[in-house]
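Breakdown of the fold
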Amino acid sequence: MISIENEVFDIAAATIKALYPKVYITGDYIKTPPSFPCVSIMETDNQVRESTADSGTLENHANVLYEVNVYSNKTSGKKSECKAIMAAIDEMMCGLGFLRVLLNPIPNEQDATVFRMVARYRAAVGKDKTIYRR
């Protein structure tokens, strides 16, 4: 299986920590963040790219999908904080070669005082870990 989840997480964590040293970053989905701001970055889909599979090596490329959730509970400016963090993540993910396919605010069902945004990024990854937009 082709996987770059650890590499993507490490780059994202370093990028966000440099801007927001107190941010809580996790590679898992979180219903209730232990602290704020909070960012979760997960690979949510990894499929063999059938068009490049061959008889010798089934998996030459994988289509991957990453989901990023950003949470803020600031009394004032939580939407702005989420957008700023998401902008930094977006720049980093697009710089790596991913294509953003979704960016939406979504209701945080666990606590309505928390603002939450979700983004999804798609790419194809070669077995040499090269990232392709298509």
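See the structure shown above.
Calculation notes
- Residues numbered from 1 in each chain as written.
- Predicted model: local features only at pLDDT ≥ 70, side-chain atom pairs only at ≥ 80, totals over all residues.
- Heavy atoms only, no water.
- Helix = DSSP H or I, 4+ residues; strand = E, 2+ residues; numbered from the N terminus.
- Expected span 1.5 Å × (residues − 1).
- Buried < 20%, exposed > 50% of the residue type's maximum accessible area, 1.4 Å probe, protein only.
- Arc of directions from axis to C-beta.
- Contact = heavy atoms within 4.5 Å.
- Phe/Tyr/Trp six-rings, centres within 6.5 Å; stacked < 30°, edge-to-face > 60°.

Moving on, we come to helix α1 (residues 5-19). Across its 15 residues, α1 extends 21 Å between first and last C-alpha, which sits within 8% of the 21 Å expected from 1.5 Å per residue. Val8, Ala12, Ala13 and Ile16 are the residues of α1 that are buried. One side of α1 carries all its buried residues, which in axial view fall inside an arc of 130°. Across from the buried face of α1, at angles greater than 90 degrees, the exposed residues are Asn6 and Ala18. Those residues of α1 that are buried are in contact with β1 (24-26), β2 (38-48), β3 (61-72) and α2 (78-96).

Applying the stated criterion to the full structure yields one aromatic pair. Consider the rings of tyrosine 66 and phenylalanine 98, whose centres lie 5.3 Å apart with planes at 85°: the pair is edge-to-face. Residue tyrosine 66 is found in strand β3, and its partner phenylalanine 98 is found in the loop between α2 and β4 (99-105); the two are separated by 32 residues along the sequence. The exposure classification of tyrosine 66 matches that of phenylalanine 98, with both residues buried.

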